[in-house]
Amino acid sequence: MPGPLLDTLNGSPTGTVPLWLMRQAGRYLPEYRELRAEKGGFLAMAYDSEAACEITLQPIDRFGFDGAILFSDILIVPHALGQHLEFLAGEGPKLSPRLVDTALADLTPDSSRYEPIYQTVRLCRQRLPEGVTMLGFAGSPWTVATYMVAGEGSRDQHEARALAYRDPAALQAIIDAIAEQTITYLSGQIEAGAEAVQLFDSWAGSLAPDEFERWVIAPNARIVAALAERHPATPVIGFPKGAGEKLPAYARETGVKAVGVDETLDPHWVARELPEGMPVQGNLDPLLLLAGSDRLEERVTTILKAFADRPHVFNLGHGIDRRTPIAHVERLIAAVRGWKG
């Protein structure tokens, strides 16, 4: 039966505010660190369905969150498109060849790389407690393209932004290829048992308004429309980090069922500006959770009050910091669960 998270995403809140955290399956948990020491590198674990399922379920077993987010990475799509992918200690992900050096057409796609991810979803759905929603995800085309073009992450995404101005047709081809792969990938996750999916556009905030319309809104709308046709009962959460004043346009024009909100936005402004009745997700600052000061409970209450008149999923404004103490997460859960709106 649907749980409180899935009901809320479908616009029918149950009277309690459901809670999950971006990156809740990962490095802040001692049980994750123990498993990683045993299994090896990040990518090896992501492709090991049993290990990835265990990691996905660890925060559910420890904290009882309302949603289980698939343990994987947004760069599975460029790996399946034919780029070599590795995660280097202290340096983050590296993709090669970079698409500033080679053409997309020169890559050799390998869609079999999706199958272990689908198997992780199948295993998790079998093992999740009743009422806990299985969440799949993918990176949005712009964010994934920034990695594919530059071969790594960057603070200002300058390689992809420059390509967008210098040769928009080349970037459009990359964006289109990612969008098509993402439709296939998320459809596969849904068919394997994902009950809702999230599109992460972590670098959406680096774009000027006209570029945001072309590289963020348009491709996300294409993905959402295709998923709605294939899987009309599956909610899509859109998370355009850094969208700022462009968030209402994103909410209206992409067709997403719910919108994730980062920590830089005033929740009262978001509540006023988003379409009436649209579910919202967010938006506690991950660094406040890390700090765990007296302001933690105060800020939780502010967010809960701001979104009290619309369906609301409590979450962070981005991923949980790996240094976050377990006790601070427990405080957050107690504050959300104990709130009397």
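Scroll up to find the structure.
Residues numbered from 1 in each chain as written. Predicted model: local features only at pLDDT ≥ 70, side-chain atom pairs only at ≥ 80, totals over all residues. Heavy atoms only, no water.

Attention now goes to the nonpolar core. Counting residues in each nonpolar core, the largest one holds 119 residues, and the members touching the most others are Leu284 and Phe314. Setting aside residues up to four positions removed in sequence, leucine 284 forms contacts with Glu263, Leu289, Leu296, Arg299, Val300, Ile303, Phe314, Asn315, Leu316, Gly317 and Leu332. (Core = buried A, V, L, I, M, F, W, Y, C linked by side-chain atoms within 4.5 Å. Buried < 20%, exposed > 50% of the residue type's maximum accessible area, 1.4 Å probe, protein only. Contact = heavy atoms within 4.5 Å.)

On to the pairing of strand β6 (residues 236–240), then. Here β6 lies mainly inside the structure; 5 of its 5 residues are buried. Across the two faces of β6 the burial is the same, with Val236, Gly238 and Pro240 and Ile237 and Phe239 all buried. Taken together, the 5 bridges between strand β5 (residues 196–201) and β6 define a ladder with parallel strand orientation. When the sheet's bridge partners are listed, valine 197 is paired in β6 with valine 236. Traced from β5 through helix α10 (residues 209–230) to β6, the parallel crossover comes out right-handed. Note that β6 and strand β7 (residues 258–260) share 2 bridges and pair parallel. Directly across from isoleucine 237, in β7, lies its bridge partner alanine 258. Handedness of the crossover joining β6 and β7 through helix α11 (residues 247–254) is recorded here as right-handed. (Helix = DSSP H or I, 4+ residues; strand = E, 2+ residues; numbered from the N terminus. Pairing = 2+ DSSP bridges. Right-handed = clockwise from strand over helix to strand, strands pointing away.)

So, about the side chain of histidine 231. Following the sequence through the fold, histidine 231 ends up in the loop between α10 and β6. Given the relative accessible area of 12%, histidine 231 is considered buried.

This paragraph deals with the sheet that holds strand β1 (residues 67–69). Spatially, β1-β4-β5-β6-β7-β8-β9 is the arrangement adopted by the 7 strands of the open sheet, whose pairing is parallel. The strands lining the two open edges of the sheet, one partner per strand, are β1 and β9 (312–316). Averaged over all adjacent pairs, the angle separating strand axes in this sheet is 25°, with direction ignored. Across 2 bridges, the pairing between β7 and strand β8 (residues 280–284) is parallel. By the bridge assignment for β8, glycine 260 is matched with glutamine 281. (Axes fitted to C-alpha atoms, helices over the stretch in contact; angles between N-to-C directions.)

Considering all chains together, one arrives at 0 disulfides under this definition. Here cysteine 53 is not cross-linked by a disulfide; its sulfur's nearest cysteine counterpart is in cysteine 124, at 3.2 Å. Residue class for cysteine 53 comes out buried when judged on its relative accessible area of 0%. (Disulfide = S-S within 2.5 Å.)

With respect to the element layout, valine 256 can be found in the loop between α11 and β7. Judged by its relative accessible area of 4%, valine 256 is buried. Sequence separation between valine 256 and proline 129 is 127 residues; the distance between their C-alpha atoms is 27 Å. Apart from residues lying up to four places away in sequence, valine 256 is in contact with Val224, Val236, Gly238, Tyr250 and Met278.

Taking 1.5 Å of rise per residue, 25 residues should cover 36 Å, and helix α9 (residues 168–192) covers 35 Å from first to last C-alpha, within 8% of that figure. Residue glycine 193 follows α9 closely and has a positive phi angle near 135°. (Expected span 1.5 Å × (residues − 1).)

Time to look at the packing of α9 against α10. Remark: α9 packs on α10, axes separated minimally by 10 Å, with the N-to-C direction vectors making an angle of 30°. Looking at the two axes, α9 sits roughly parallel to α10. Two packed elements cross with a definite hand, and for α9 against α10 that hand is right-handed. Across the contact of α9 with α10, the residue classes tally to 12 nonpolar, 4 polar and 5 charged. (Parallel < 35°, antiparallel > 145°, perpendicular 65-115°, else oblique. Left-handed = near helix turned anticlockwise from the far one by under 90°. Nonpolar A, V, L, I, M, F, W, Y, C, P; charged D, E, K, R; others polar.)

Take the packing of aromatic side chains next. Applying the stated criterion across every chain yields a total of 10 aromatic pairs. Here the aromatic rings of tyrosine 114 and tyrosine 185 are separated by 4.6 Å at their centres, their planes lie at 25°, and the arrangement is stacked. With tyrosine 114 in the loop between β3 (92–96) and α6 (115–127) and tyrosine 185 in helix α9, the pair connects residues that are 71 residues apart, well separated along the chain. Grouping aromatic residues by their ring pairs yields a cluster made of Tyr32, Phe42, Phe71 and Phe87. A cation over a ring is seen here: lysine 246 above phenylalanine 212, with NZ or CZ 5.2 Å from the ring centre. (Phe/Tyr/Trp six-rings, centres within 6.5 Å; stacked < 30°, edge-to-face > 60°. Lys NZ or Arg CZ within 6 Å of the ring centre and 35° of its normal.)

Moving on, we get to the pattern of salt bridges. One pass over the structure, following the stated rule, counts 13 salt bridges. A salt bridge links arginine 122 to glutamate 115; the nearest nitrogen and oxygen atoms lie 2.8 Å apart. Assessed through its relative accessible area of 30%, arginine 122 is described here as partly exposed. Between arginine 222 and aspartate 176 there is a salt bridge, with the nearest N and O atoms lying 3.1 Å from each other. Of this pair, arginine 222 sits in helix α10 while aspartate 176 sits in helix α9, and the two are 46 residues apart along the sequence. (Salt bridge = Lys/Arg side-chain N within 4 Å of Asp/Glu carboxyl O.)

Read these as layout, nothing more, since geometry by itself doesn't imply function.
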